Amino acid sequence: DDAGRRLLRRAQLAIGAILSSDVYPADLLDRAATQTALKRHEWEIASTLREITALRAGSCTSLPDASPGPMTEAVLESHRRALALAQQGTTARVRALERYAEQVRVTDAARVDWQSALKAAGLNDRYLDLLARTAADDQAIAEITTLTGQASAADEAFRESLRRATIAAEALVLPVDDERP
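In this convention, every chain numbers its residues from 1, walking through the sequence in written order. Under the rules for a predicted model, residues below a pLDDT of 70 receive no local features and side-chain atom pairs below 80 are neither given nor counted, while totals for whole chains, interfaces and linings still include all residues. In computing side-chain values, all of the structure's heavy atoms are included and hydrogens and water are not.

Some points on the confidence of the model for the protein
Move 1: Summarising the model, the protein shows a mean pLDDT of 86, and 86% of its residues fall at 70 or more.
Move 2: Think of pLDDT as the predictor's per-residue confidence, scored from 0 to 100. Helix numbering and strand numbering both begin at the N terminus, where a helix is a DSSP run of H or I of at least 4 residues and a strand a DSSP run of E of at least 2. Per-element confidence in the protein ranges from a low mean pLDDT of 84 for helix 5 (residues 137-171) to a high of 94 for helix 1 (residues 2-19).

Brief notes about the packing of helix 1 against helix 3 (residues 70-121)
In helix packing, the relevant descriptors are the interaxial angle and the interaxial distance, both defined with respect to the helix axes.
Move 1: Lines are fitted to the C-alpha atoms to define the axes, a helix being fitted only along its stretch in contact, and any angle between axes, read from their N-to-C directions, falls within 0 to 180 degrees. Their axes nearest at 8 Å, the elements helix 1 and helix 3 cross at an angle of 25 degrees. One finds that helix 1 runs roughly parallel with respect to helix 3. The handedness of the crossing between helix 1 and helix 3 is left-handed. Listed contacts from helix 3 to Leu-7, Arg-10, Ala-11, Ala-14, Ile-15, Ala-17 and Ile-18 of helix 1 are Gln-87, Thr-90, Thr-91, Val-94, Arg-95, Leu-97, Glu-98, Tyr-100, Ala-101, Val-104 and Arg-105. Every angle not falling under 35 degrees, over 145, or within 65 to 115 is termed oblique; those three ranges are roughly parallel, roughly antiparallel and roughly perpendicular. Crossing handedness is read from the near helix: turned anticlockwise from the far helix by less than a right angle, it gives a left-handed crossing, and turned clockwise, a right-handed one. By the convention used here, residues are in contact when the closest approach between their heavy atoms is within 4.5 Å.

Quick look at the nonpolar core
Move 1: Counting residues in hydrophobic clusters, the biggest one holds 17 residues, and the most contacted among them are Ile-45, Leu-49 and Leu-97.
Move 2: For this core, the elements supplying multiple residues, two or more each, are helix 1, helix 2 (31-61) and helix 3.
Move 3: Top element by residues in this core is helix 1. It accounts for seven residues.
Move 4: Beyond its immediate chain neighbours, meaning those up to four positions away, Leu-49 contacts Gly-4, Leu-7, Leu-8, Gln-87 and Thr-90. As used in this record, nonpolar core signifies buried Ala, Val, Leu, Ile, Met, Phe, Trp, Tyr and Cys residues forming a set joined through side-chain atoms within 4.5 Å. Only protein chains enter the accessibility calculation, which uses a 1.4 Å probe; a residue whose area is less than 20% of its type maximum is buried, one above 50% is exposed, and one in between is partly exposed.

As for the side chain of Asp-108
Move 1: Turning to its location among the elements, Asp-108 is positioned in helix 3.
Move 2: A 3.5 Å cut-off defines polar contacts: any pair of N or O atoms within that distance qualifies, except that in protein one atom must be a possible hydrogen donor and the other a possible acceptor, and neighbouring residues in sequence count only when both atoms are side-chain atoms. Polar side-chain contacts of Asp-108 include one of 2.8 Å to the backbone nitrogen of Val-23.
Move 3: Non-local contacts of Asp-108, meaning those with residues more than four positions away in its chain, are made with Ser-21, Asp-22 and Val-23.

Quick notes on helix 3
Three- or four-residue spacings in an α-helix give side chains the same orientation, since the helix completes a turn every 3.6 residues.
Move 1: The first and last C-alpha atoms of helix 3 sit 75 Å apart over 52 residues, in line with the 76 Å expected at 1.5 Å per residue.
Move 2: All of the buried residues along helix 3 are Leu-76, Leu-83, Gln-87, Thr-90, Thr-91, Val-94, Leu-97, Ala-101, Val-104 and Asp-108. Take the residue count of a helix, subtract one, and multiply by 1.5 Å to get its expected span.

Here we look at a nonpolar patch on the surface
Move 1: In this scheme, patches are assembled from residues that exceed 30% relative accessible area and form no salt bridge. Like charges are connected within 9 Å, while nonpolar side chains (Val, Leu, Ile, Met, Phe, Trp, Tyr) are connected within 5 Å. What sets the accessible areas is the Shrake-Rupley method with a 1.4 Å probe; for residues, cover comes only from the shown protein chains. Think of a salt bridge as a Lys or Arg side-chain nitrogen and an Asp or Glu carboxyl oxygen that are within 4 Å of each other. On the surface, Leu-123, Tyr-127 and Leu-130 cluster together into a nonpolar patch covering about 300 Å² of accessible area.
Move 2: A residue is classified by how much of its surface remains accessible, and Tyr-127, at 53% relative accessible area, is exposed.

See the structure below:
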């Protein structure tokens, strides 16, 4: 029935996720045992769901149209409970498969993260070289600061020379012709 098909589909998706994971072919999981166990679980789930569906359908058609008596109702109630328990057990198994698939996805993500970290760590030498080259920056800054001080002193000396030249040029001011005696 539809409920059985949905549950079986969930189981198949979980199994597919496990078998198509990156950690599965990398032998981080026991490949032979895992595949055998997963296929067995898929078969048992499908068989149970098929039996549940058949029993549900059979219980509706095997009784006369008349209203069941108390003894028949008690038997039917035990049948319904048995079907419900079987459905719950199968659903729990499917959830366990889904949890396993989720854990495999988490393991896949951790493996990808680990590989990325290894790749990034391969660049560590370049970063260390960069830091070693910039370690001389303090010395270079001190040298540049000294040069800046020298440039500042040269600027002050030049300005002082300009000021003296201006003063000296003022002494050469000659009287205008009208002022001559």
